[in-house]
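Spelled out, the chains give:
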Amino acid sequence: MHLLPTSLRYFLEVARTGSISEASERLHVATSAISRQIAKLEQDVGAPLFERQPRGMVLSEAGEILTAYARRSALEAEQVLADVHGVEALHRSTVKLASSEGFARDFLPAAITAFREKYPGVRFRLNVTGPSAATRQVIDGTVDLAVTYSLGPEWGIKVEYSQQQPIYALMPDDHPLAAREYVELADLLEYPLALMDEGTTIRQLFDVCVALEGLSFEPALVSNYSGALQSFAQLRGGVTLVGPLTVRRRLGADRLAIVPIHNPELSRRSMQIQSMARRALPAAVRAFLAHLIEQIGDDIQQVGLTTGDAGRPPIRAPAVPAHGARVQGGGDQPGDR
């Protein structure tokens, strides 16, 4: 049963695939039927919804607006059908998440496990990807929530929660820099440096700051996998860059330390929980969202985070590190993207 009008269902499939013939195959409907529905929609809207180009059907400005509406309507129609069929929202629901890699290693599994202790019937699907792709999956309606890093506002997104996440240097706890209150970027020049690739927010900010300070780094290792960078730093006495929420649980067990980097530009990115703008979230998603925000608050409290001004590194109030973790200096917890 479909509550979404046929014309909108066909339109959404063409928008997803960029092709009437591919949409026809996926929907098992004749191409002529899809073309008629698209033409009728364009007549009703009073504007072209697609630009017909050699590479396929590309959404027009009016088409982008209608797509956002149709995606919200499709998700809400799914929820209505679930309610009508007696699916108890907090007992047999699936929460779909996207996140950048750092949050997927420890933070989200811990949050999901704790949530399921209260709501064991709720299932989860987690897509691990880059920050921009995670945001895109929210806009597309592929996932309910994205937990990721962001450098600025995104169209079609509602920011449910935002927390500034300064970038830290991660190193073995016996590293020569580990006892510092904070480090300068220039202090990292004499040590093997492992960096994320250029498509990540952490690398983008690092490259900007290095250019502004007139420094030149030749990283020993570049990867799109933060776990490899952290292992490199741990095994070879090197340094990598992290943002705070993602490595707190590993510091003690892996004998690692994090040290603030004294550069205000490295505090520009935020950790965000994102949902689709103007979408009414299902009950299970709302409950997990509230749980996530509470979990972040608890994690921040574990390290006694307070945020310093833009010209100084963050300062941590004295705190007992979780599980014997050694945390140097001040600031938020680490993240990888």
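Relevant structure appears above.
These numbers were taken from a predicted model, which means no experiment stands behind them.

Each value, and the rule that gives it
- Per chain, residue numbering runs from 1 following the sequence as it is written.
- Given that this is a predicted model, residues contribute local features only at a pLDDT of at least 70 and side-chain atom pairs are listed and counted only at 80 or more, while totals for whole chains, interfaces and linings are drawn from all residues.
- To obtain the side-chain values, all non-hydrogen atoms of the structure were included, while hydrogens and water were left out.
- Fitting a line to C-alpha atoms yields each axis, with helices limited to the stretch in contact; the angle taken between N-to-C directions then spans 0 to 180 degrees.
- Only runs of H or I of at least four residues qualify as helices and only runs of E of at least two qualify as strands under DSSP, and these elements are numbered from the N terminus.
- Geometric relationships in this document are graded by angle, where less than 35 degrees denotes roughly parallel, more than 145 denotes roughly antiparallel, 65 to 115 denotes roughly perpendicular, and other angles denote oblique.
- By definition, any crossing whose near helix is turned counterclockwise from its far helix by less than a right angle is left-handed, and any crossing with a clockwise turn is right-handed.
- What makes two residues a contact is simply this: any of their non-hydrogen atoms within 4.5 Å.
- The nonpolar core is taken to be a set of buried Ala, Val, Leu, Ile, Met, Phe, Trp, Tyr and Cys residues, with the residues joined through side-chain atoms within 4.5 Å.
- Only protein chains enter the area calculation, which uses a 1.4 Å probe; residues under 20% of their type maximum are buried, those over 50% are exposed, and those in between are partly exposed.
- Between rings of Phe, Tyr and Trp, where Trp is taken as its six-membered ring, a pair exists when centres lie within 6.5 Å; planes separated by under 30 degrees are stacked, by over 60 edge-to-face, and by other angles tilted.
- Should DSSP find at least two bridges between two strands, the strands are regarded as paired.

Peer 1: Looking at this model, I keep getting lost on the packing of helix α6 (residues 107-118) against helix α11 (residues 283-302). Mind explaining?
Peer 2: It is at 10 Å that the axes of α6 and α11 come closest, and there the two elements cross at 120 degrees. Overall, the two elements α6 and α11 adopt an arrangement that is oblique. Note on packing geometry: the crossing formed by α6 with α11 is right-handed. Two secondary-structure elements touch here, α6 through Phe107, Leu108, Ala111, Ile112, Ala114 and Phe115 and α11 through Ala284, Ala287, Phe288, His291, Leu292, Gln295, Ile296 and Asp299.

Peer 1: Teacher, can you tell me more about the nonpolar core here?
Peer 2: Soluble globular proteins tend to pack their nonpolar side chains together in the buried interior. Counting residues in each nonpolar core, the largest one holds 28 residues, and the members touching the most others are Leu185, Leu188, Phe206 and Leu241. Those elements giving two or more residues to this core turn out to be β7 (168-172), β8 (193-196), α8 (201-213), α9 (226-236), β10 (239-242) and β11 (256-260). Of the residues forming this core, the biggest block, five residues, is contributed by α8. Residues within four places of Leu188 in sequence aside, it is in contact with Ala169, Leu177, Val183, Phe217, Val239 and Leu241. In terms of nonpolar packing, the next biggest core, distinct from the first, is built from 26 residues, Val122, Tyr161, Leu245 and Leu292 among them.

Peer 1: How should I be thinking about the packing of aromatic side chains in this particular structure?
Peer 2: To describe a pair of aromatic rings, you give the distance between the ring centres and the angle between the ring planes. All chains considered together, the criterion is met by eight aromatic pairs. With 4.9 Å between their ring centres and 40 degrees between their planes, Phe103 and Tyr149 make a pair best called tilted. With a gap of 46 residues between them, Phe103 in helix α5 (residues 101-105) and Tyr149 in strand β5 (residues 145-150) connect regions that are remote in the sequence. One exposure class covers both Phe103 and Tyr149, and it is buried. Aromatic pair Phe115 and Phe124: ring centres 6.0 Å apart, planes at 85 degrees, arrangement edge-to-face.

Peer 1: Hey, could you run me through the sheet that holds β5 in this one?
Peer 2: Backbone-to-backbone hydrogen bonds join strands into a sheet, with any given pair of strands oriented parallel or antiparallel. Strand order across the open sheet formed by five strands is β4-β3-β5-β12-β6, with mixed pairing between neighbours. Sheet topology places β4 (123-128) and β6 (157-164) at the edges, where each strand pairs with a single neighbour. Neighbour-to-neighbour, the strand axes of the sheet open up by a mean angle of 20 degrees, direction not taken into account. Pairing between strand β3 (residues 94-99) and β5: three bridges, direction parallel. Note that in β5 the partner of Leu97 across the bridge is Leu145. The strands touched by α11 are β3, β4, β5, β6 and β12 (270-276); relative to β6, the strand with the most contacts, the crossing angle is about 15 degrees.

Peer 1: Looking at this structure, I do not really get the pairing of β5. What am I missing?
Peer 2: Within a regular strand, the side chains alternate between the two sheet faces. For β5, the buried fraction is high: six of the six residues fall into the buried class. Where burial is concerned, the two faces of β5 agree: the one with Leu145, Val147 and Tyr149 and the one with Ala146, Thr148 and Ser150 are both buried. Both β5 and β12 contribute to a ladder of five bridges, which runs antiparallel. Within β12, the residue paired with Ser150 across the bridge is Ser270.

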